[in-house]
Amino acid sequence: MEEDNKKLLDDKPLMEDDTEELEDPELVLDCVPREAEQKAGLGSSCPGIEQSKDKQKQRLTAQEKRQACLLRRDLSHLDQLHEEKNLFIQKTREELRACRRRMELLIKQQESVAAEIAAERAANNMAAMGRLEAASQRLCSELKNERDLQAQMMVVLQQSESSLWQIEVQEGQLEDARKSAQEEAAAARRGLQERAAKQLHREMEASGKAEGNRLLRARRCVHLQKELGLRQQKLVEEAQKNHRKALRFLKASLGRIREQEQKEELETREHMRRRMDAVLALKNSISANRETLRKFQAWGQAKTELAEQKAQAEKKAILAQGGDAFKHLCHQRRRQELEAQNRAFEEEQKRRKQEIVSRLLKEEAMEDRRRARPEPPRPAGQRSLRDQTWSYVATFCDGQSTEAPLCCPLPDVPGQRPGPAQEQIKLQETRSRFCQSSPLLTAISSESVQGDGSLGGEDTLAWPEIPGLWNEDYKPFQVSKEDVDQKPVGGTKMDKDILARTMQRLRSGVIHKQVASGREFRGCPFNSKPKFIHFKDFDVGKVYKKKITLINATYTINYCKLVGVDESLQDFIHVDFDPPGPLSAGMSCEVLVTFKPMINKDLEGSVSFLAQTGGFSVPLKCSTKKCSLSLDKELIDFGSYTVGETAIRTITLTNTGGLGTKFRFLLASETCEMDTSQSVLKLSSTFTYEDKSLYDKFTTSFSEHQMEGNESSPTDVPSQKESGKLDVKEQEEGHPIESEGVTLTTIMTIPPNEEQMEFSLGETTEGDIGPFSSIKVPVIFTPIVPGTVQNSFKVVFKNQQCPTLYFKVVGVAIDVPVWVPKPNVDLKICMYDRLYQDSILVHTRSKAALRLKFEVCKELRGHMELLPETGYIQALSSYSVQLKFLPRHSLPEDAGKYFDKETRVLEAPMTIRVADQIKPVGFTVHAIVTTSDLELSPAGLDFGYCTIYEAIRTQISLCNHSLLPQEFGFVGLPKFVDIQPNDGFGTILPLETLQLDVIFQPTKAKEYNFELICKSEINRCFKLACRAVGVYPPLELSHNQIKFAATSLYDTSVATLYVINSHLSMNSLTHSVPRIGSEDAFPVGPTSFEFLLPPDSPITISPLVGTVWPGKRCLVRVAFRPVLPSELIHQEAFQALSRKAEVKSSQKETVTQRKDQRRPSFSMLRLQNQDQLLRASASQPPELQKEDLASSSQEYQSAQASLTRSFQGKFDKFVVPCVVASGDTKDRKGTEPLSFSPHNTLYLELWCPAVAPSIVVTSDKGKTIINFGDIAAGHRGIKKVSIQNISPEDLDLEYSVLNPDGPFVLLNPTIRLPSGETQVLDLSFSPRESVVAQETLDIITKKGTLSLALMGTGVASTITCSIEGDVLNMGYVIARESVSLGFKLQNNSSLPIKFSMQLDSLSSRSRDQHRLPQFLASPDQRTEVVGTQNYSGQSVFSVVPVEGVMEPGKAQDFTVTFSPDHESLYFSDRLQVVLFEKKVSHHILLKGAAREHMMFVEGGDPLDVPVESLTVIPAFDLEHREEAEELKPILVTLDYAQLDPETQAPPATRELQVGCIRTTQLSTKKTVEFSMDNIAALQHKGFTIEPSRGSVERGQTKAISISWTPPIDFDPDHPLLTSALLQLRGDVKETYKVLFVAQVVTGP
């Protein structure tokens, strides 16, 4: 108490004073009067100075205000100190009075103890004297302590009173200042009231002026409105006059416009009709081409299969003969290839011979013309052209090859020309070299063919530039051999380098950069038109000219100069160009290019020019003549013809190239000498040989086929459209297609055989086709047998570079003269209630007119018709019938078998009946009939109640039941409805279901009923009925949407909003009032709200419930704290546990395998059983394991840290409803809820992005819970926590404040943590008492907060005792014998505990309890625990061990021994368990009883006190024991409860226990016998005793049951009293007198 008072006195000034001089309050008190004096002096001594100096007056006034403020603060501080000192003095005086009372009580107790000591000393009771002396010493020490405390309190009281007096003195000194301060405050209040009154007066005047101004403005407005009305009326009259005038002119203008529009409409219709006809024609052509391609593909497949079958049959035949089929086939193919090569070679020799003869004739004609002129001198040793030609012919006749390719000329010696002998040798070498090449190149190469043809032409058409240069007598200048050896042709490498550098230097001086308007020109300075110079299909010896235009493309004036052409073109190309001089931008000049071919070879190059800004070139190309052959059709379909008729179709062979060749038409199965190809190749009909890459591909594929030995299958032939495009292209390039004249050399007819009797070719099947010409070949179809007939033909060419062309002929022979070319009419997909038309063409072969009748099947006559129904078809003509199809919805029922309801396919048979013909002509109409319905689901939309601050979105489904796509759109939408996506417009695919969002946002409170109309592209309408109720709620939110910033896990983001009540008036005419639809308006008054949070959401709203008064608003705080789901953490933890279990099981299996197999099998079985148990535990269902895993476990925390570190971010969106009710929440009774209306609900949308934290814990597997465990009180534990910055930037750290009186302390706070680094924090836990402590340490950064949960347990000691009820009854023992019982103490704490055992009978405190005789007190007031003790002074009870240390979780056994030295029933003592020598943990009450003999009786009512006198009872001899024995009374009270007189109550029962004590003494009697007399008399009085006699073994007890039922003559007013004797016979005989007292109780 004294220490607490000192602390209170020391701390009180520190708590109340905020000044720096807190330690000496007197200094503060002394300073107050000085300040007051200064303030008083300043207020009265300077009036003259204030009037003279305004600035000083203002300064003094501010200083006075500051001093007045300080004075008021000091006065309040003095008042507070005065109150506290008064309270403290009162408490001190109360404690002083209590101390004096305790001292008086201790003095009285000391006197009483001294008296007792004197009495006990007189009685010579040493044990009692020791106890009393100890009590006296304790009283003396307590009295001394109380006196010291009294002295200290007196000193404290005096000091407090002196301080109080000083405070009162200071208050008296400052009384005047206090009064002046109060007067100043009253004056200030009065001044404020006066200013408020003046302000109110000014405001009233201002409001009056404003009202007058308003009335003036209103009058002016009325006047202006009248003037505007008159002016508007005049304007309307003038406008009407002008309108009547303009109407006449408008009618005339509209008439002219309508006439012009009608003309344009007619032209547009005509144009559309032509376009539709063109599209239909193109569509028919495409469908026909598709059918043709399909037929050709089928024909190709059949051809391939037939060839394979033939090959297989031939192979089987060879194998049946025992030969080698593969070898035979290889030899056969090689033989065919060789024969084809020989035929090709012979044909080529013949063709070349003809060419040579023709050239010789031309040369002779040239010779004749040249004879008139003098021949130029020829060089010596040079052969003439004639000699060269005849030598070539002689060599050819001898059978030698004259092939000499132009691409590989033989090298010539400079200055020499080869002689005839040398030429022959070169020709022979060239022929031998080419003969060694591939025969494929000889057979196919187009270059070899063209090269051989151009050899003679080049020599024949050459003409010398200088006449006489080629004469034989002309001797050219001979260069010496030395000069030839010195310099090569073209100069040395140095000369070439010097020439190049010189040209570059010259050109660099000529070329200049062109800069105009700050921009430098870059690019080609001149543009060429055309950009490409192409001489196509030239003839050697002719001259071709082309003119090009060069346009200046630069910014300013430029010059152009011709540089020349490439070296390869210098002998053939001549450019005429006259430099035009300076050319302005955009000006042009012309260039004439002349080409004189001397060789028949493709040439490529460019013409180079030089401009002032740089050089440029124009590409140039010269192409030779080539063949390009094609057929106009690949399939000839004759259709249906009657047997015996003859039909003729023509097929046209067109050559779009500039080279002619010889052709021949054959059957596809026939062979001819012209067919020299190694395998059948069906290439494109527009194949051109200018494409070298295509030629290479063709050669490669051909060689691969030849290597594999397989026959190549014909490829697809392009359609006629491609050939038509090529014809148009040729015409555009300036090559007109020549006439179709053909020089026929052979007339051949193919004799029909048995298989090919139906088809034949005309007489023109072989001949020559010239360049740019075409030939028509008739194909005749003569049907013999009804049925389908088809055949294939091919066209072979003499030019080996031309591929073989194929075409197919198909025809049908029928008996009926009338037929339909399209037996299947496909109307595609049709819709119900839509009209579809098609034209059916009917042909006849009859030579007479026939009457036709068109019939529709009976089932479909209501849906389909043919118009006209009857008609006449003329001889050998066609007839068109119009088909109209209008499917109704009853089509599935009407059509019957012709309509498949599952696939919705209609197959309608149509019949054409011909007069005088039994067999009708039929055709089928195919159609897929579908509906045009669009289905909107649901059929109606009910948006319900929607506030004007929100929008409701509902999804509807739009289903297209049609098999065709349909366009749709929602039209005529009201302003408060929106449909997305695409604003309700789009295209829906067949059988597709689209999900559309209908968004409804009311604008005011009313009931809405409207329809949404969806229209399809065929103008069908589908309606959707909608209804809703608009609600204007009485409250509104300042923000309906809150977007939180990115928040780290386990961090908190806070946002605020207001709930506003703007409902102030019920006048609905001036403004909208809150209401639900058309209901009554919401009343004005306090309105309550409540936010309903979704379950398990990381959102916290405060307050959740509140009330807003009209015109007010309520601040609401919304907090977002993202956490990880517990299910995810459990899953991660169980995965970690399963991995650990798998590792452990694998380790155990490895250990088991390493063990010796010879060991006893018992250990192996035990390990297997353990593994099975582990697997069984690991395979438990997750539901059972989740129950065992707590959130505080290490696995849970490790999983939580791991998931936090790997968290990738999450975004959640929550919608929180806020219900609104009328009234105040305080007015409700108890827990009665307010009547919230569900229609006035507001909604708050929250966007909650969660991110990974910027700082994480890296120690202890990332756990944020720091558990110090159990720490003994007074000790300290330290934990180290490592934190890491995982963000990309450095962070400044701040820490929350821990409890300064708490046990947790942060030892080393860090201010800054760089990115990626780790910092270790030291935390200490120092408990002062046994307590479970828990605090949170927040590490705060600008990106989030990391919370560390600090936990620890201060452990004092906790033990448990095995004794129930803390009472240990030792039972009955023979006097001077002993018995022992044991008990256990369990250490349940995690720390070792030091203990000691103390008996109250051996402590000084127990002696003080025997100051007064206990038998004088009532039984309720007896609190003694130490009972009868031994006469010898030794303790009755003893305990082993007395002290020791209990380890954590261990148990300590204790043994209690009961050793009485005399007979007594009231032996007792108390055993105390003391821990750490301070704390008493348990109180164990020890009881026991001692008897001189082996029998005892228990039960009955107590007749004596449980305390014995300490006087020694003299012991009798055994001889006189029986004489001195007297009857021992036992009182048994029986209460018979008779609560209801009408019902009989159960008898009253009691029990007596008769026992026999187990002893180590020798005795003749082993048992105790008991008997009770006077049983009959007891039974007469209603008593029943069972058993009345018996025996008890040693260590056993037996119960005697006594029950009583009142007899009939019993008087309830007089209790029944009777007795009986109970005799016990053991080692002695004892008699007990049992007194029975029975009574009837009628009340509880």
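Position numbers for residues start from 1 in each chain and track the written sequence from start to end. The predicted origin of the model limits local features to residues at a pLDDT of at least 70 and limits the giving and counting of side-chain atom pairs to 80 or more, whereas totals for whole chains, interfaces and linings rest on all residues. Side-chain measures were taken over the full set of non-hydrogen atoms in the model, leaving aside hydrogen atoms and water.

Engineer: Could you give an account of the overall build of the protein, naming the residues involved and the relevant values?
Structural biologist: The helix and strand labels rest on DSSP assignments: H or I over at least four residues marks a helix, E over at least two residues marks a strand, and numbering proceeds from the N terminus. Tallying secondary structure elements over the protein gives 23 helices and 77 strands in all. Throughout this description, buried means an accessible area under 20% of the type-specific maximum (1.4 Å probe, protein chains only), exposed means over 50%, and partly exposed covers the range between. Among the 1644 residues that make up the protein, the fraction classed as buried is 35%. Considering only residue pairs separated by 6 or more positions, the protein has 73% of its internal contacts joining residues 24 or more positions apart. Carbon together with sulfur atoms contributes 52% to the accessible area of the protein, which is approximately 99500 Å² in total. We call two residues in contact whenever any of their non-hydrogen atoms come within 4.5 Å of each other. Using the Shrake-Rupley algorithm and a 1.4 Å probe, accessible areas are obtained, with residue cover drawn only from the displayed protein chains.

Engineer: Tell me about the sheet that holds strand S61 (residues 1367-1374), residues and numbers included.
Structural biologist: Pairing between strands is defined by DSSP: at least two bridges between the two strands are required. Spatially, the 5 strands line up as an open sheet ordered S61-S68-S67-S63-S65, and their pairing is mixed. Strands at the two margins of the open sheet, each flanked by one partner only, are S61 and strand S65 (1443-1446). Strand after strand, the sheet turns through a mean of 25 degrees between neighbouring axes, direction not considered. Sheet analysis places strand S63 (residues 1393-1399) next to strand S67 (residues 1464-1475), joined by 5 bridges and oriented antiparallel. For Met1397, the partnering residue across the bridge sits in S67 and is Val1473. Every axis corresponds to a line fitted to the C-alpha atoms, with the helix fit spanning only the stretch in contact, and the corresponding angles, defined between N-to-C directions, vary from 0 to 180 degrees.

Engineer: Explain the pattern of salt bridges to me, and be specific about the residues and the numbers.
Structural biologist: When a carboxyl oxygen of Asp or Glu lies within 4 Å of a side-chain nitrogen of Lys or Arg, that pair is called a salt bridge. The full count for this structure, using the stated rule, is 40 salt bridges. We note a salt bridge from Glu146 to Arg102, for which the minimum N-O separation is 3.2 Å. Here Glu146, found in helix H5 (residues 126-173), pairs with Arg102, found in helix H4 (residues 54-123); they are 44 residues apart in sequence, far enough to count as distant. Measuring nitrogen to oxygen at the nearest pair gives 3.8 Å for the salt bridge that ties Lys662 to Glu766. One end of the pair, Lys662, is in strand S14 (residues 661-667); the other, Glu766, is in strand S16 (residues 766-769), with 104 residues separating them in the sequence. Among the residues examined, Lys662 registers a relative accessible area of 21% and is labelled partly exposed. What you see here is one network of salt bridges that share partners, running through Glu270, Arg273, Arg274 and Asp277.

Engineer: Help me get a handle on the packing of helix H6 (residues 175-321) against helix H7 (residues 325-370), residues and values and all.
Structural biologist: When two helices pack together, their arrangement is given by the angle between their axes and by how far apart the axes lie. One can describe the packing of H6 onto H7 by two numbers: an axis separation of 9 Å at closest approach and a directional angle of 125 degrees. Judged by the angle between their axes, H6 and H7 are oblique. Our pair here, H6 against H7, has a crossing hand that is right-handed. Note on element contacts: H7 touches H6 through Ala325, His328, Leu329 and Gln332, opposite Glu314, Lys315, Ile318 and Leu319. Its residues assigned to classes, the contact of H6 with H7 comprises 4 nonpolar, 2 polar and 2 charged. When an angle is under 35 degrees it counts as roughly parallel; over 145 it counts as roughly antiparallel; between 65 and 115 it counts as roughly perpendicular; any other value is oblique. Crossings are sorted by hand: turned counterclockwise from the far helix by less than a right angle, the near helix makes the crossing left-handed, and turned clockwise it makes it right-handed. Classification used: nonpolar for Ala, Val, Leu, Ile, Met, Phe, Trp, Tyr, Cys and Pro, charged for Asp, Glu, Lys and Arg, polar for all others including Gly.

Engineer: Residues and numbers for the sheet that holds strand S13 (residues 647-655), please.
Structural biologist: In space, the 4 strands of this open sheet follow the order S11-S13-S17-S15, with antiparallel pairing throughout. The two strands at the open ends of the sheet, each matched to only one other strand, are strand S11 (629-631) and strand S15 (759-761). Going from strand to strand, the sheet's axes swing by 25 degrees on average, the running direction of each strand aside. Where S11 and S13 come together, 3 bridges link them in antiparallel fashion. Its bridge partner being in S13, Leu631 is matched across the sheet by Leu653.

Engineer: Go over a nonpolar patch on the surface, please, and point to the residues and values.
Structural biologist: Residues Leu247, Leu250, Leu254 and Ile257 make up a contiguous nonpolar surface patch of roughly 300 Å² in combined accessible area. By the element assignment, Leu254 lies in helix H6. The exposure class of Leu254 is partly exposed, given its relative accessible area of 32%. What goes into a patch is any residue over 30% in relative accessible area without a salt bridge, connected to like charges within 9 Å or, for nonpolar side chains (Val, Leu, Ile, Met, Phe, Trp, Tyr), within 5 Å.

Engineer: Describe the packing of aromatic side chains, naming the residues involved and giving the relevant values.
Structural biologist: Think of it this way: a Phe, Tyr or Trp ring, Trp meaning its six-membered ring, pairs with another when their centres are within 6.5 Å, and the plane angle makes it stacked under 30 degrees, edge-to-face over 60, tilted otherwise. The tally for this structure, following the rule as stated, stands at 37 aromatic pairs. Measuring from centroid to centroid gives 5.4 Å for Phe609 and Phe616, while their planes differ by 15 degrees, and the two rings are stacked. One exposure class covers both Phe609 and Phe616, and it is buried. Ring geometry for Tyr1536 versus Trp1604: centroids 6.2 Å apart, planes at 85 degrees, classification edge-to-face. Of the two residues, Tyr1536 sits in strand S70 (residues 1528-1537) while Trp1604 sits in strand S75 (residues 1597-1604), which places them 68 residues apart along the sequence. Like Tyr1536, the residue Trp1604 is buried in the burial classification. Grouped by ring-pair contacts, the aromatic residues Phe943, Phe976, Phe1000, Tyr1008 and Phe1010 constitute a single cluster.

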